[in-house]
Amino acid sequence: MMLLSIFRCFFLLGCQSFGGPMAHIAIFRQEFVLKRHWLSAESFGHLLAMCQLLPGPASSQLGFAIGLQRAGLLGAIAAFCGFTLPSFMLMVLLAQAQTSLSHVPLLQDLEHWLKLFAVCVVADAALNLSRQFCHLPRHRLIALLTALLLILYPSNSLQLVLLASWAGIGYLHAIPKPPESPRDRVIPSAFGSARLLLWPLLLFIVLFGMTLVVTKGSTWLSIFALHYQAGSLVFGGGHVVLPLLQQAVVGQLSADQFLSGYAAAQIMPGPMFTLASYLGAEMYPGHPWSGALLATLGIFLPGFLLVLAMLPAWQRLLAQPRLLTTVAAVNAGVVGLLLACLYHPLLTSAIRQPVDIIWPLLAWIAMRHYRFPIWLLVCLFLLAAMVDNRLF
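These figures come from a predicted structure and were not determined experimentally.

Calculation notes
Residues numbered from 1 in each chain as written. Predicted model: local features only at pLDDT ≥ 70, side-chain atom pairs only at ≥ 80, totals over all residues. Heavy atoms only, no water. Helix = DSSP H or I, 4+ residues; strand = E, 2+ residues; numbered from the N terminus. Buried < 20%, exposed > 50% of the residue type's maximum accessible area, 1.4 Å probe, protein only. Contact = heavy atoms within 4.5 Å. Polar contact = N/O pair within 3.5 Å; in protein donor to acceptor, adjacent residues only side chain to side chain. pLDDT = per-residue confidence, 0-100. Core = buried A, V, L, I, M, F, W, Y, C linked by side-chain atoms within 4.5 Å. Salt bridge = Lys/Arg side-chain N within 4 Å of Asp/Glu carboxyl O.

### A word on the side chain of H227
With respect to the helices, strands and loops of the structure, H227 is situated in helix α9 (residues 220-233). A residue is classified by how much of its surface remains accessible, and H227, at 0% relative accessible area, is buried. Once residues within four sequence positions are removed from consideration, H227 is found in contact with L245, A276, L279, M283, A295, G298 and I299.

### As for the side chain of T326
Relative to the assigned elements, T326 resides in helix α15 (residues 321-350). The class for T326 is buried, based on a relative accessible area of 17%. Polar contacts involving the side chain of T326 include one to the main-chain carbonyl oxygen of R322, which spans 2.7 Å. If near-sequence neighbours (up to four positions away) are discounted, T326 is found in contact with A167, G170 and Y171.

### Focus on the confidence of the model for the protein chain
Scored by pLDDT, the protein chain has a mean of 82; 87% of the residues are at 70 or more. Contacts for the low-pLDDT stretch residues 179-192, under 50 throughout, to residues beyond four places or in other chains number 21 contacts.

### Some thoughts on the nonpolar core
Counting residues in hydrophobic clusters, the biggest one holds 115 residues, and the most contacted among them are F10, F32, F44, M50, L62 and L245. A per-element tally of this core places helix α4 (residues 58-101) first, with 14 residues. With sequence-adjacent residues up to four places away left out, L245 is seen in contact with L226, H227, A230, F258, L275, L279 and I299.

### Side note on unusual backbone geometry
The phi torsion at H37 lies on the positive side, around 55 degrees, for a residue other than glycine. Classification of H37 by relative accessible area gives exposed; the value is 59%. We note that R371 has phi near 60 degrees; this positive angle belongs to a residue other than glycine. Locating R371 in the fold gives a position in the loop between α16 (358-369) and α17 (374-391).

### Considerations on the pattern of salt bridges
Pairing between side chains becomes possible if they bear opposite charge and their charged atoms approach one another. By the definition in use, this model includes 2 salt bridges. Where E31 meets R36, a salt bridge forms, and the shortest distance between an N and an O atom there is 2.6 Å. In this structure, the salt-bridge partner of D124 is R368, at a minimum N-O distance of 2.6 Å. On the criterion of sequence distance, the pair formed by D124 in helix α5 (residues 105-133) and R368 in helix α16 is long-range, its members being 244 residues apart.

Written as structure tokens, this is what we have:
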């Protein structure tokens, strides 16, 4: 009954959680701290800090961690399945519908207008992340260098090299931190221990190493591998998965296919990382549900393995300054990844004529200054596509 209750609760949240990871986190706090009292505000804050510093989808990892605290590993799996299932099914159905309706003129106009909407969303995400992660001059320099290098030399391999380089620089620039008071409180653990769990950490490392030797293609192994790599390197939330996946699927999917999936992920409830479900279905057209399942497992699994490994020892790890400075440098590099992706493929694909830049700008003003909700902006862009189709 406990597992069924967890699944049902997260499934209902997955059906109504619009607005991206920050909105999901606010909904989780309302549901599990204030309404159900599954954990304290302090414990919720500790879990959230861990999920924001680890690679992977922060809101999904937070739900996974809450399920883990509530009912162990099976509770975590129930929470993940419940929260992800609505978005997963919608994205796969959309991928199948797009394949059969790709010749319809209205759909082509919808794709163009949704790309323009995606320009607004990604630009806003890049601005917010730069404010969050680039306070120091060296972090701003890291972001600018990353963006410039990837615009000049777009490559998935270069992304990996740059992120690894910034991690090394962050590690070397750590400042020793005074020892904490013994009165500091430790987050309650589902394991009753303050040590790392080694088996999920080792599994994470082994799987990542295996994915590095898998060649690109539309086989089940390559689909899992490229999404596992992306899930292992995404710091900063759902929008940041865009540049990593875009480079990974070059040559396998067209820019239109990729950006249509990304735009659709903005308007779906639940985690934005179910973009992988759409991509998996498109990359494995003979078995779209299998391809979607492999891609979804691949992109979520790294973050969940790290949550399993880190949660018992999180409070102790948080006291290590080298961890904080390493993650801070990687986050700055992630801002650069997003800036490069904003330029290509978004701007280069979505902006067909000078007037096109007006619509993302107006949408951004409406969203930031007049607090238009995402769903309303999507409806307006869909309406604009229909008008555009009738006029031209």
